[in-house]
Amino acid sequence: MIYNILYTYEDKKDGKLIIRCKIPDNVFFQIEELNRYLSRFGRNRVDSFWLAKSKVLAYDFKTTLPYKKYIDKSQNSD
């Protein structure tokens, strides 16, 4: 598991998973780590990222994984 994930939420426009992470030292390494993590849920990957609008300095990484599928599989793996 990636330790600098702050939380996850759903993109209201298209229902995709967004992962909010603390600012990494190397954003491209972070994308590789997230892609490795997302591979547990099928052929999903990071689609884009941006600086989050929050009190904590962080990036939001939008994925190709539907949020509902992520929640269902996460709950079943516990």
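Residue positions are given per chain, counting from 1 as you read along its sequence in written order. It should be noted that, the model being predicted, local features are given only for residues of pLDDT at least 70 and side-chain atom pairs only at 80 or more, the latter also being counted only at that level, while totals for whole chains, interfaces and linings use all residues. With hydrogens and water set aside, each side-chain value is computed from the structure's full complement of heavy atoms.

I'd love a proper account of the pairing of strand S4 (residues 58-66), names of residues and values included.
When DSSP finds two or more bridges between two strands, those strands count as paired. Under the scheme used here, helices are H or I runs from DSSP no shorter than 4 residues and strands are E runs no shorter than 2 residues, and both carry numbers assigned from the N terminus. For strand S2 (residues 16-22) and S4, the ladder comprises six bridges, and the chain directions are antiparallel. Within S4, the residue paired with Ile18 across the bridge is Lys62. Here strand S3 (residues 46-51) runs beside S4; their pairing, made up of five bridges, is antiparallel. Bridge assignment links Ser48 to a residue of S4, and that residue is Lys62. Counting the residues in the hairpin turn of S3 and S4 gives six residues.

Give a description of a nonpolar patch on the surface that names residues and reports values.
A surface patch of nonpolar side chains, amounting to about 250 Å² of accessible area, comprises Leu6, Tyr7 and Val56. Summary of the burial criterion: residues with accessible area below 20% of their type's maximum are buried, those above 50% are exposed, and those between are partly exposed, where the area comes from a 1.4 Å probe applied to protein chains only. Given a relative accessible area of 41%, Tyr7 falls into the partly exposed group. Here, patches come from residues exposed beyond 30% relative accessible area and free of salt bridges, joined within 9 Å for like charges and within 5 Å for nonpolar side chains (Val, Leu, Ile, Met, Phe, Trp, Tyr). In short, Shrake-Rupley with a 1.4 Å probe defines the accessible areas, and a residue's cover is counted only from the protein chains shown. Put simply, a salt bridge is a Lys or Arg side-chain nitrogen that is within 4 Å of an Asp or Glu carboxyl oxygen.

I'd like a rundown of the pattern of salt bridges, residues and numbers included.
Oppositely charged side chains can form a pair if their charged atoms are brought close together. In total, this model carries five salt bridges according to the counting rule given. Residue Asp60 is joined to Arg20 by a salt bridge in which the shortest nitrogen-to-oxygen separation is 2.6 Å. Taken together, the positions of Asp60 in strand S4 and Arg20 in strand S2 put the pair 40 residues apart, joining distant regions of the chain. Assessed through its relative accessible area of 2%, Asp60 is described here as buried. Assessed through its relative accessible area of 7%, Arg20 is described here as buried. With a closest N to O distance of 3.8 Å, Asp47 and Arg45 form a salt bridge. Using a relative accessible area of 44% as the deciding quantity, one classes Arg45 as partly exposed. Each of Asp11, Asp14 and Lys62 takes part in salt bridges that share partners, so that together they form one network.

Interpretation note: all reported values are geometric properties and have no functional meaning in isolation.
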